[in-house]
Protein chains: 2
Amino acid sequence: MATLSLAEFQAGMTDETIPPIRAATRVEQVMLAVRQRIASRELGAGTKVPSIRSFAHTLQVSTSTVVEAYERLAAEGVIQARRGSGFYVGGHASRLSLAGLAGSGARRDRAVDPLWISRQSLDAGDAVLKPGCGWLPAAWMPEPAVRRALRALARAPGASLTDYGTALGMPALRQLLARRVAEHGIEAAPDQILLTESGTQAIDLLCRLLVEPGDTVLVDDPCYFNFVALLRAHRVRVVSVPFTPTGPDLARFEQALAEHRPRLYVTNSALHNPTGATLSPLVAHRVLKLAEQTGLTIVEDDIYGDFEHDAAPRLAAFDGLERVVHIGSFSKSLSAATRCGYVVARREWIEGLIDLKIATSFGGGRLSAEIVHGVLKDGSYRRHMAALRGRLAQAMAETRARLKPLGIVPWVEPRGGMFVWAALPDGLDATAVAGCALAEDVVLAPGNAFSVAQTARSFLRFNVSQSADDRVIRVLDAAMRSARRSGNQK
Amino acid sequence: MATLSLAEFQAGMTDETIPPIRAATRVEQVMLAVRQRIASRELGAGTKVPSIRSFAHTLQVSTSTVVEAYERLAAEGVIQARRGSGFYVGGHASRLSLAGLAGSGARRDRAVDPLWISRQSLDAGDAVLKPGCGWLPAAWMPEPAVRRALRALARAPGASLTDYGTALGMPALRQLLARRVAEHGIEAAPDQILLTESGTQAIDLLCRLLVEPGDTVLVDDPCYFNFVALLRAHRVRVVSVPFTPTGPDLARFEQALAEHRPRLYVTNSALHNPTGATLSPLVAHRVLKLAEQTGLTIVEDDIYGDFEHDAAPRLAAFDGLERVVHIGSFSKSLSAATRCGYVVARREWIEGLIDLKIATSFGGGRLSAEIVHGVLKDGSYRRHMAALRGRLAQAMAETRARLKPLGIVPWVEPRGGMFVWAALPDGLDATAVAGCALAEDVVLAPGNAFSVAQTARSFLRFNVSQSADDRVIRVLDAAMRSARRSGNQK
């Protein structure tokens, strides 16, 4: 297993010099300045944008730079030209401020807009292949067990079918979850577990409880792109720390704590998304020590935990739920149609989370909890996961073998799961490649969508369960050739 | 039907003079000042609270006032005394700041803490009676139809059971919803309808899209208490306008628009919660005109729409979804266990809401949508609702007849639904009565829980479907006697 950080790996990957992350051009800086003023409501819908001359003076750029920026913004529909009267903010200022959800501020291609990748994957028709998507095909899910649970539920007492769940959620499922997390060394009573509609909603509630607008939150670079979209919805500053094959780069982590005083660190311990890397006990221990010293709270998102062959250390187990909150869900392993996630946390925080859950979504999804409990309680889920892990290991080997002739090399050998995080050869721009592939109905996940610091320009995340179709490799190969030809090779 | 406003009605209800809303005492003001400093993090967990002498000077109150305030806060666990060293903020500052979710700032009894009423109702065992709760008993819900839908789903294609839904949510359900809202005169294409996990989540997403922390939002006085808890989670200022039997008091509404420049107005058009009152066409038209003049956006929560005997006007129909957003859900009429709500809005807002839905909860509850669609698509739901409306009308008449001997008079004759909003005789304090009843395992809903301006001191909201048990009246009668005795009669 490599022990280089992502940046080191990327730098050493090819003999050619990879240029540093491209700085935003002047035009892009002007565009960003306008977007920021719209996002902050300094410029409301329908208001006049500063004149070209005055804005050029304000930003100390040439008028031609502002002209180009305004024209590009007009092409995007952000502002509108009115003949003889200058530019005005479009009617949808609130919506536009959402652009900030997706991007790190600098210009983003739609192909690396995380929300857009999610929407492509969610809305893709059957003809579209999705090697870039973050979940398994329906055929790989424990469909018979879900059908059995539905039939059993059709005979359950009426309240299970029509009434609200309790504030914490179905007691029997929480008891079962307490036993499951105990297998990872996390000691939690059932009343320290709150059921949510999803792992994402769990993190969302934690953000509502623990962060204020303007706080700083740490994430990994790279990290699951929706973390960033979610955090931006909470108006926090997102700072990333390079991820190594054994966890966050400790020196950079310590430096980030000192420099930015983050309130939260959101990460995956087992089978990190997108890299498939795993936290080592040594790094886990050091991260916790640093967290204790600086009062940092850690959100450990463990939604890929059941995909591990051998259990990696869990921060929540080392820490005893003092400053670590543990998150799980069954969307990836059991059913994404049945929304059910959970938070394991210290009791005081659970109290606050209940109030927030009621305020923002009222009762929980009792039916979903019943179905998940129905599938988990007999042995079929464990058998299904054992078989699934074997199937994924084989798909992983096959996908790697098929990517190798294209010169695509995995960054690390994952200990399980569905993801291969791999670099394109010759410093090819993954965003350009993803754009070409999308035209051929293949959704790829370009690296920079996962990178706050935009350090993963040449990377792609492959989902091995969605990559078996020959067309994936054919289209990828063609897209790489096309990207080379059109001069995206740097 | 009465045409008095709530305050007028209350004032005229008894010959005795009802005192004005009790102003916070000095001690309560000091307590509030400490809470605010904790909520704003000016005072973090474990930090020292200002000394008694200095705080007395800051707030221009006597030291004995501060002493009493600190002692009460210590009794509540908000701060802790350390011998010889003064008072310190307790360990759970984050959680404490949540107190702001529930209250209007002034001291709140737990019995009028909206979140606590919700939790009592959600977590109540079978022995507890819940005339104060906001939904129907399980036995009144269309259980056979839900069972049928579950059995059909157990035979559905695998993707329906295990895969994520599309970004907007199940197309067939959105088509059906488009036809349903058209029956109320709301013209919306299926792609103007976004499925959510609940009506509450729909409003939560709208707040994320349309308001900024510090904005002002208008609600009715009284209003559904969870609106206020939800809005406080968004850090907005909540201002209320008195509600009359035909909608908001127009003069006060206009005044609030001029004075507070609210960004949103959140209301129910049909069968207003808690009063059961209905917007008149005249008031609807005037409200929309005022909204247009001031750029106000209106969120029309229509979750009790299917309980109407005759359709009241919908703001969204008059407005054509220009500045009104229409919300619905099936939690009250079909199943609360199956979480499924929806937003009907102009297309640009739907785009922004999709991004926010993905960022904060990722995919939607496909399974819930399938079940709701299964129940709605055949005629059984319509038949069920027709029968339910009849059953509720009878329960309404019975409940009124049983309340009358206690001197409890409905404020307005509702045109349907499950709620009676009624005043206690002799200016009795409903919070005191609710406290006594709770000790006897009867959950009541005291008026001030619904009133931001705390103008509903003597009111209770009765759910007629949960009030048939003789014990409700017996316990209520005893609680009223007890409240009278203990001098809560004013």
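What you see is a predicted model, and the numbers here were worked out from it, not measured in a lab. (Residues numbered from 1 in each chain as written. Chains lettered and ligands numbered in written order. Predicted model: local features only at pLDDT ≥ 70, side-chain atom pairs only at ≥ 80, totals over all residues. Heavy atoms only, no water.)

### Regarding the overall build of chain A
Put simply, the test is: Numbered from the N terminus, helices here are DSSP runs of H or I no shorter than four residues, and strands are runs of E no shorter than two. The Shrake-Rupley method, run with a 1.4 Å probe sphere, supplies the accessible areas, and residue values consider only the shown protein chains as cover.
A tally of helices and strands in chain A yields 20 helices and 14 strands. Summing over all exposed atoms, chain A offers an accessible surface of approximately 18,000 Å²; the carbon and sulfur share of this is 49%.

### Digging into the relation of the copies chain A and chain B
Filter applied, for reference: Here the copies are matched by least squares. The fit uses the C-alpha atoms of residues with pLDDT of at least 70 in both. In this analysis, two residues are considered to be in contact whenever any of their non-hydrogen atoms come within 4.5 Å of each other.
The transform that puts chain A on chain B rotates by 180° and translates by 0.1 Å along the axis, for an RMSD of 0.1 Å. Those values place the two copies in the arrangement expected of a two-fold rotation axis. When you check the interface residues of chain A against chain B, 100% turn up at the interface there too, and the contact is symmetric in its surfaces.

### Let's talk about the interface of chain A and chain B
Filter applied, for reference: What counts as buried area is the accessible surface, traced by a 1.4 Å probe, that two parts surrender upon association, with contributions from both included. The salt bridge definition used is simple: a Lys or Arg side-chain nitrogen within 4 Å of an Asp or Glu carboxyl oxygen. We call two N or O atoms a polar contact when they sit within 3.5 Å, provided that within protein one can donate a hydrogen and the other can accept it, with sequence-adjacent residues counted only if both atoms are side-chain atoms. Any residue that is not Ala, Val, Leu, Ile, Met, Phe, Trp, Tyr, Cys, Pro, Asp, Glu, Lys or Arg is counted as polar, Gly included; the first ten are nonpolar and the last four charged.
Counting residues at the interface gives 80 residues for chain A and 80 residues for chain B. Of the roughly 7,000 Å² buried where chain A meets chain B, counting both sides, 57% is carbon and sulfur surface. Measuring nitrogen to oxygen at the nearest pair gives 2.3 Å for the salt bridge that ties A:R208 to B:D204. Run the count over chain A and chain B and you get 32 residue pairs in polar contact (both at pLDDT 80 or more). Those elements giving two or more residues to the side of chain A that touches chain B turn out to be α5 (93–96), α7 (114–123), α8 (143–153), α9 (158–162), α11 (199–210), α12 (225–233), α16 (347–361) and α17 (366–377) of chain A. Looking at the side of chain A that touches chain B, its residues break down into 36 nonpolar, 22 polar and 22 charged.

### Description of the sheet that holds strand β6 (residues 247–248) of chain A
Residues and elements named next belong to chain A. What counts is decided by this rule: A pair of strands is labelled paired if DSSP reports no fewer than 2 bridges between them.
Ordered in space as β3-β10-β9-β8-β7-β4-β5-β6, the eight strands form an open sheet in which the pairing is mixed. Looking at the sheet topology across the chains shown, the edges are occupied by β3 (193–196) and β6. Here strand β4 (residues 216–221) pairs with strand β5 (residues 237–244) via six bridges, running parallel. Paired with D220 across the two strands is V241, which belongs to β5.

### Focus on the sheet that holds strand β12 (residues 419–423) of chain B
Residues and elements named next belong to chain B. If you walk across this open sheet you meet the three strands as β11-β12-β13, and the pairing is antiparallel. Of all strands in the sheet, those bounded by a partner on one side alone are β11 (409–410) and β13 (459–463). Direction of pairing for β11 relative to β12: antiparallel, over a ladder of two bridges. Of the residues in β12, the one forming a bridge with V409 is A423.

### Thoughts on the nonpolar core
Heads up, the rule is: Note on terminology: a nonpolar core comprises buried Ala, Val, Leu, Ile, Met, Phe, Trp, Tyr and Cys residues joined through side-chain atoms within 4.5 Å. For the exposure calls, accessible area comes from a 1.4 Å probe over protein chains only, and a residue counts as buried if that area is under 20% of its type's maximum, exposed if over 50%, partly exposed in between.
Ranked by internal contacts, the top residues of the largest apolar core, which has 297 residues, are A:L476 and B:L476. Leaving out residues up to four positions away in the same chain, A:L476 has contacts with A:L403, A:L406, A:I408, A:V433, A:L444, A:L460, A:F462 and A:R471.

### Some points on helix α14 (residues 281–294) of chain B
Residues and elements named next belong to chain B. What counts is decided by this rule: The length a helix should cover is 1.5 Å for every residue beyond the first. Taken from the helix axis, the directions to the C-beta atoms give the arc we talk about.
The end-to-end C-alpha distance of α14, which contains 14 residues, comes to 20 Å, matching closely the 20 Å that a straight helix rising 1.5 Å per residue would cover. Residues of α14 that are buried include every one of V283, A284, V287, L288, L290 and A291, and no others. An end-on view of α14 places all buried positions within 165° of arc, on one side of the element. More than 90 degrees from the buried face of α14, the exposed residues found are P281, L282 and Q293. Residues of α14 that are buried sit in contact with β6 (247–248), α13 (250–260), β7 (264–267), β8 (297–301), α15 (315–319) and β9 (324–329). Two residues or fewer past α14, G295 is found with a positive phi of approximately 70°.

### A few points about the side chain of B:R346
Residue and element names in this part refer to chain B. Among the secondary structure elements, R346 is positioned in the loop between β10 (341–344) and α16 (347–361). Side-chain polar atoms of R346 contact the side chain of E348, separated by 2.8 Å. Not counting residues up to four positions away in its chain, the partners in contact with R346 are Q192, L321 and E322.

### A look at the confidence of the model for chain A
Residues and elements named next belong to chain A. Basically, it comes down to this: The predictor attaches a confidence to each residue, called pLDDT, with possible values from 0 through 100.
The predicted model of chain A has a mean per-residue pLDDT of 86, with 88% of residues at 70 or higher. Across chain A, the element-wise mean pLDDT spans from 36 in α5 up to 98 in strand β7 (residues 264–267). Taken as a whole, residues 1–23 scores under 50 in pLDDT and shows 42 contacts with residues more than four places along the chain or in a different chain. Low pLDDT, under 50, characterises residues 92–108; the predicted model gives this stretch 47 contacts beyond four residues in sequence or across chains.

### Concerning a positive patch on the surface
Selection rule: Note that patches include only residues with greater than 30% relative accessible area and no salt bridge, and the join distances are 9 Å for like charges and 5 Å for nonpolar side chains (Val, Leu, Ile, Met, Phe, Trp, Tyr). Positive charges come from Lys and Arg alone, negative charges from Asp and Glu alone, with His and the N- and C-terminal ends not counted. Taken as the charge centre is NZ of Lys, CZ of Arg, CG of Asp or CD of Glu, depending on the residue.
On the surface, A:R148, A:R151, A:R155 and A:R383 cluster together to form a positively charged patch. In this fold, A:R151 is placed in helix α8.

### Considering the environment of B:A393
Mapping B:A393 onto the fold places it in helix α18 (residues 380–403). Each C-alpha atom, one on B:A393 and one on B:G417, is 7.8 Å from the other, the two residues being 24 residues apart in sequence.

### Quick look at the packing of α12(A) against α16(B)
What counts, and what does not: Every axis corresponds to a line fitted to the C-alpha atoms, with the helix fit spanning only the stretch in contact, and the corresponding angles, defined between N-to-C directions, vary from 0 to 180 degrees. Working rule for angles: under 35 degrees goes down as roughly parallel, over 145 as roughly antiparallel, 65 to 115 as roughly perpendicular, anything else as oblique. Working rule for handedness: look at the near helix, and if it is turned counterclockwise from the far one by less than a right angle, call the crossing left-handed; if clockwise, right-handed.
For the pair α12(A) and α16(B), the least separation of the axes is 8 Å and the interaxial angle reads 110°. Of the possible angle classes, the one that applies to α12(A) and α16(B) is roughly perpendicular. Like other packed secondary-structure pairs, α12(A) and α16(B) cross with a definite hand, here left-handed. Each of A:N226, A:A229, A:L230 and A:A233 in α12(A) lies in contact with α16(B), whose residues at this interface are B:L356, B:I358, B:A359 and B:T360. Taken together, the residues of the contact of α12(A) with α16(B) break down into six nonpolar, two polar and no charged.

### A look at helix α13 (residues 250–260) of chain A
Residues and elements named next belong to chain A. Turning to α13, its buried residues number three or more, namely L250, F253, A256 and L257. Along the axis of α13, the buried positions cluster into a sector of 120°, meaning they face one direction only. Residues of α13 that are exposed and point more than 90 degrees away from the buried face comprise A251, A258 and E259. Along its buried surface, α13 packs onto β4, β5, β6, β7 and α14 (281–294). The backbone nitrogen of A251 lies 3.2 Å from a side-chain oxygen of the residue at the head of α13, namely D249. R261, located one to two residues past α13, shows a positive phi value of around 45°.

### Side note on the packing of aromatic side chains
Residue and element names in this part refer to chain A. What counts is decided by this rule: Aromatic contacts are taken between Phe, Tyr and Trp rings whose centres are within 6.5 Å, Trp giving its six-membered ring; a plane angle under 30 degrees counts as stacked, one over 60 as edge-to-face, and the others as tilted.
Inspection of the entire model under this criterion finds 30 aromatic pairs over all chains. Ring centres of W421 and F450 lie 5.6 Å apart, and the angle between their planes is 80°; this geometry places the pair in the edge-to-face category. In this pair, W421 is assigned in strand β12 (residues 419–423) and F450 in the loop between β13 (445–446) and β14 (459–463), connecting sequence segments 29 residues apart. Members of the aromatic cluster, joined through ring pairs, are Y224, F225, F227, W421, F450 and F459.

### Remarks on the pairing of β13(B)
Residue and element names in this part refer to chain B. In terms of burial, β13 is a largely internal element, five of the five residues being buried. Every second residue of β13 is oriented toward a common face, with F459, R461 and N463 on one face and L460 and F462 on the other, all of them buried. Sheet topology places β12 next to β13; five bridges connect them, and they run antiparallel. Paired with F419 across the bridge in β13 is N463.

### Observations regarding the pairing of strand β8 (residues 297–301) of chain A
Residues and elements named next belong to chain A. As a reminder of what qualifies: A clockwise path from the first strand over the helix to the second, with the strands pointing away from the viewer, defines a right-handed crossover.
Burial analysis of β8 places five of its five residues in the buried class, which makes it a mostly covered element. Every second residue of β8 is oriented toward a common face, with T297, V299 and D301 on one face and I298 and E300 on the other, all of them buried. Inspection of the sheet shows β7 paired to β8 by four bridges, in the parallel sense. From the neighbouring strand, Y265 faces β8, where its bridge partner is I298. Regarding topology, α14 serves as the crossover connection from β7 to the parallel β8, and that connection is right-handed. Strand direction decides the pairing type here: β8 and strand β9 (residues 324–329), joined by four bridges, are parallel. In the strand pairing of β9, V299 is matched with V325.

### Points about the packing of helix α11 (residues 199–210) of chain B against helix α12 (residues 225–233) of chain B
Residue and element names in this part refer to chain B. At their nearest, the axes of α11 and α12 sit 10 Å apart, and the two run at 35° to each other. The handedness of the crossing between α11 and α12 comes out as right-handed. Here T200, I203, D204 and C207 of α11 lie close against α12, whose contacting residues are N226, F227, L230 and L231. Taken together, the residues that form the contact of α11 with α12 break down as five nonpolar, two polar and one charged.

### Topic: the pattern of salt bridges
Following the criterion strictly, the structure yields 30 salt bridges over all chains and no others. The residue A:E212 makes a salt bridge to B:R235 at a minimum N-O spacing of 2.8 Å. In this pair, A:E212 is assigned in the loop between α11 and β4 and B:R235 in the loop between α12 and β5 (237–244), connecting two distinct chains. Between B:D426 and B:R484 there is a salt bridge; the shortest N-O distance is 2.7 Å. With B:D426 in the loop between β12 and α19 (430–439) and B:R484 in helix α20 (residues 470–488), this residue pair connects regions lying 58 residues apart in the sequence. Taking the relative accessible area as the measure of exposure, B:D426 reaches 26% and is therefore partly exposed. Accessibility expressed as a relative area gives 30% for B:R484, which makes it partly exposed.

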